[in-house]
Amino acid sequence: MSPSTPSPIAFPDIVLPESARRLRAEVRAFLDEERARGTVLGRPDSWLAGWDDGFSRRLAERGWVGMALPTEYGGAGRGFLERYVVIEELLAAGAPVSAHWVSDRQAGPSILQHGTEEQRRFFLPEIAAGQCFFSIGMSEKSSGSDLASVSTRAQRTTDGWRLTGTKMWTGGAHVNDYAIVLARTDDAEDRHAGLSQFIVDLRAPGVRVEPIHLMSGEHRFNAVHLEGVDVPDGMLLGQQGDGWKQVTGELAFERSGPERYLSTFPLLISLLRELEQRPPTAEQLTQVGVLTARLHSIRRLSLGVAAALDAGSAPDTQAALVKDLGTRLEGTLTDTVRSILPTPADPHATPGTHPELLAFALLHSPGYTLRGGTNEILRGIITRGLEQRR
Amino acid sequence: MNTHTIDTGTPVIPADAYDTTVFYADADAIATVTNTTAPDAVALPCQDASTAELLAAAQEAGHRAVPAPLAETALVARPLLRRAGLPVPDGPLSYAIAPELTIRYAHPAASPVGSAGCLGHDDSLLVTGTLRRVPWARAATAVVVLATAPSGPVLFTLTPDQAILTPGGNLAEEPRDDLHLAPLEIPAAQVRRISPELLDEARLRAALARSALIAGAAERCVDLTVAHTTARTQFGRPLSRFQAVKQEEARLIEEAALVRAAVHAAAAPLDTGGAAAHFTVAAAKTQASASAAEVTRIAHQLHGAIGITRLNPLHLATTRLWSWRDEDGDETYWAHRLARPLTATALWPTLTTTP
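Basis of the calculations
- Residues numbered from 1 in each chain as written.
- Chains lettered and ligands numbered in written order.
- Predicted model: local features only at pLDDT ≥ 70, side-chain atom pairs only at ≥ 80, totals over all residues.
- Heavy atoms only, no water.
- Salt bridge = Lys/Arg side-chain N within 4 Å of Asp/Glu carboxyl O.
- Buried < 20%, exposed > 50% of the residue type's maximum accessible area, 1.4 Å probe, protein only.
- Helix = DSSP H or I, 4+ residues; strand = E, 2+ residues; numbered from the N terminus.
- Contact = heavy atoms within 4.5 Å.
- Buried area = accessible area lost by both parts, 1.4 Å probe.
- Polar contact = N/O pair within 3.5 Å; in protein donor to acceptor, adjacent residues only side chain to side chain.
- Pairing = 2+ DSSP bridges.
- Axes fitted to C-alpha atoms, helices over the stretch in contact; angles between N-to-C directions.
- UniProt positions renumbered as here; feature names shortened; annotations may be inferred.
- Expected span 1.5 Å × (residues − 1).
- Bend = angle between axes of the 7 residues up to and from the residue.

1. A few points about the pattern of salt bridges
- Counting across every chain of the model gives 49 salt bridges over all chains.
- A salt bridge links E82(A) to R78(A); its shortest N-O distance comes to 3.2 Å.
- The class of E82(A) is buried, set by a relative accessible area of 12%.
- Linking R105(A) and E259(A) is a salt bridge whose minimum nitrogen-to-oxygen distance equals 2.6 Å. In this pair, R105(A) is assigned in helix α5 (residues 98-114) and E259(A) in the loop between α8 (251-256) and α9 (265-275), connecting sequence segments 154 residues apart.
- In this structure E259(A) comes out as buried when scored by relative accessible area, which is 2%.
- Among the ionic contacts, a cluster of salt bridges with common partners joins E72(B), E174(B), R176(B), R210(B), R320(B), E327(B) and D328(B).

Quick look at the structure:
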């Protein structure tokens, strides 16, 4: 469809590869096996809260971790759209995918693109085998949305770098193997210029991981104190001074995926299970229909970004748009479910029951529109993107 | 044709600031847009255009607030006539789907002979009742009616001059006319027995055509709003430099993109039919209708006072959105159709049917 007035923010046509249908069926069969095993429990926000290294390894055995990495590095050499099919199936099922999530989504592609041949040979096969889990070390206490203000320093030593500073909200740093850390290597006038990325071994001397408990009491995040951590030269990721460029280059991957609208999808499934007990009211039907239409429409936009990424472009504006729409829906879904089937949220109810899932989704809900770039900042990217196209 | 000046005769905005032909619909304006020779016209797409091309044309018509039943003709009436095996008349067409009519065979003794889809010995109908709020009836060369006869669903055509027409309009003053048939004999040559599926396809076609119009009008709201906030200066800087404005404008852009995506998603399924067509079209119209509130709210708020007047073209889009969201099924109707077959186990497979 190509109207003569071009759409201000274009999304390409979505054509899933022939292999996608078979792949989807294979993932569903795998999920059925895992359900029987008791590992897939239909939980909300499973890409943050569902850490299960055994599940990640079994998934990797199927070739579904790091699947877009080339086969010469242990990957499956498949496209972004095929990866999309796999991860949307996993998230919709509420499968525990958080152990390998960052390795699969960011660390793998980033090392492939910016890493040395040695880094690729060392890390990528391990990532694809589900044996090497990464965290992201970007935010700091005083650097949230304004990421370029990071103050963690990397000072030159004879054979590498010494890192000093504290990274905040580092998910999984207490259970994962490595973190990709953004640090200042030069005091350049342009504050975007003096940043570099490092691969930091989270078990290295001088790394102290301090838990930060979520308001639910869960331990997912940490403060990672880097107290003079020696990082060898070989662990600089990409070019010195290119950190900002590398970080912003990943944003479209980070912001547009199905994890930006499916975090509370398992709660909608739970609602439908409840509604099957008795004839639904008109209002319940209306709201379920409206939510479903919105999910479907956002999924189409998200797939459009995946198609653009597959074609090699960098649709940052579109990705910001998907994230704002999708993460707002994650919250709206939770509120709507509560309102059309009044249920007191109960964190102590039997796990997996509707009141417990509602409690879990609610306690996680403020995070949806914060992580991966606060939505207020993203909206600035969207309007700027549109004005530039005029 | 109406020109646009204030009482003093001094134009407040230049006459060419927007296309006044789309302001008030009249016969000339309709002729302009349905005539391919007009330089700035959105022509009726040719008959063999694909559904995706027709939807793009409808979106364009919605964007320009074209004063003619372009989407109604190209996406609804013509395909239905072809599917029923009736000739397709030239010019703008309209439709009425499942109106409340009393239909009997003009010659009852002969009626049982015809079989579904075929012309019986005498399928002439005697039709009584009112077709309500028919889009552009006064300008249509024919109106396609899908209704239920004693034998089952039928499709027939009539011309507006065969009925008593009571003019009416929607919020954008697009013609929505009542046609009183009291009673009217429809000769067998203009009648076809149809399958219940075609009756349902008609609903889907009408809903998707309307959704495409909504997508275009929503996009117009984006274009006008961004142009306005970029050009308009207050407190020494363009409105678009204010964070509060950016936040709202981004939501507007997002909502319009959402509608476009939903319409786009239904193009291929409409051709193949079946459950995928039901789901994607119901989702498209639910989303399009539901988004109209947010789109119009933000566009008007960011336009300020000028937007609520006819000095500015915004109303061309927003008044249409307020009417189109109700026409051919509002979001409640389509949300119900969408939700009714959904179960806990069916939801995800349904969402991933396409692609």
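2. Thoughts on the interface of chain A and chain B
- In this assembly, 53 residues from chain A lie in contact with 51 residues from chain B.
- Summed over both partners, the interface of chain A with chain B buries about 4,600 Å², with 64% contributed by carbon and sulfur atoms.
- Measuring nitrogen to oxygen at the nearest pair gives 2.8 Å for the salt bridge that ties E255(B) to R294(A).
- Applying the counting criterion to the chain A and chain B interface returns 13 residue pairs in polar contact (both at pLDDT 80 or more).
- The element best represented in the side of chain A that touches chain B is helix α10 (residues 282-310) of chain A, accounting for 17 residues.

3. Topic: the sheet that holds strand β6 (residues 164-166) of chain B
Residue and element names in this part refer to chain B.
- Ordered in space as β2-β3-β7-β6, the four strands form an open sheet in which the pairing is antiparallel. Each of the sheet's edge strands pairs with one partner strand only, and the pair in question is β2 (101-105) and β6. Sheet twist, expressed as the average angle between the axes of neighbouring strands with direction ignored, equals 20°.
- With five bridges joining them, β2 and strand β3 (residues 125-135) adopt antiparallel strand pairing. The residue of β3 that forms the bridge with L101 is G129.

4. Points about the UniProt feature "domain: Acyl-CoA oxidase/dehydrogenase middle" (unreviewed entry) in chain A
- Here, UniProt's "domain: Acyl-CoA oxidase/dehydrogenase middle" (unreviewed entry) annotation points to residues 136-225 of chain A.
- Helix makes up 0% of residues 136-225 of chain A and strand 47%, and the two end C-alpha atoms of the span are 13 Å apart.

5. Topic: the environment of G228(A)
Residues and elements named next belong to chain A.
- Structurally, the position occupied by G228 is in strand β7 (residues 219-232).
- Along the primary structure G228 and D52 are separated by 176 residues, whereas in three dimensions their C-alpha atoms are 31 Å apart.
- Setting aside anything within four residues of it in sequence, one finds G228 in contact with R162, L163 and T164.

6. Structural notes on the UniProt feature "domain: Acyl-CoA dehydrogenase/oxidase C-terminal" (unreviewed entry) in chain B
- Those residues carrying the UniProt feature "domain: Acyl-CoA dehydrogenase/oxidase C-terminal" (unreviewed entry) are residues 210-316 of chain B in this numbering.
- Secondary structure within residues 210-316 of chain B divides into 79% helix and 4% strand; the distance between the first and last C-alpha atoms comes to 16 Å.

7. A few points about helix α6 (residues 274-303) of chain B
Residues and elements named next belong to chain B.
- A rise of 1.5 Å per residue sets the reference length of α6, with its 30 residues, at 44 Å; its end C-alpha atoms lie 43 Å apart and thus fit the reference within 8%.
- At S291, α6 shows its largest kink, close to 35°.
- In terms of burial, α6 is a largely internal element, 22 of the 30 residues being buried.
- Positive backbone phi, at 70°, marks G304, one or two positions downstream of α6.

8. What to know about the sheet that holds strand β1 (residues 93-97) of chain B
Residue and element names in this part refer to chain B.
- A sheet is described by the order of its strands in space; here four strands give the open sequence β1-β4-β5-β8, paired in mixed fashion. The two strands at the open ends of the sheet, each matched to only one other strand, are β1 and β8 (191-193). The mean angle between the axes of side-by-side strands here comes to 20°, regardless of whether they run parallel or antiparallel.
- Against the sheet, helix α4 (residues 196-231) engages β1, β4 (142-149) and β5 (152-158), with an angle of about 120° to β1.

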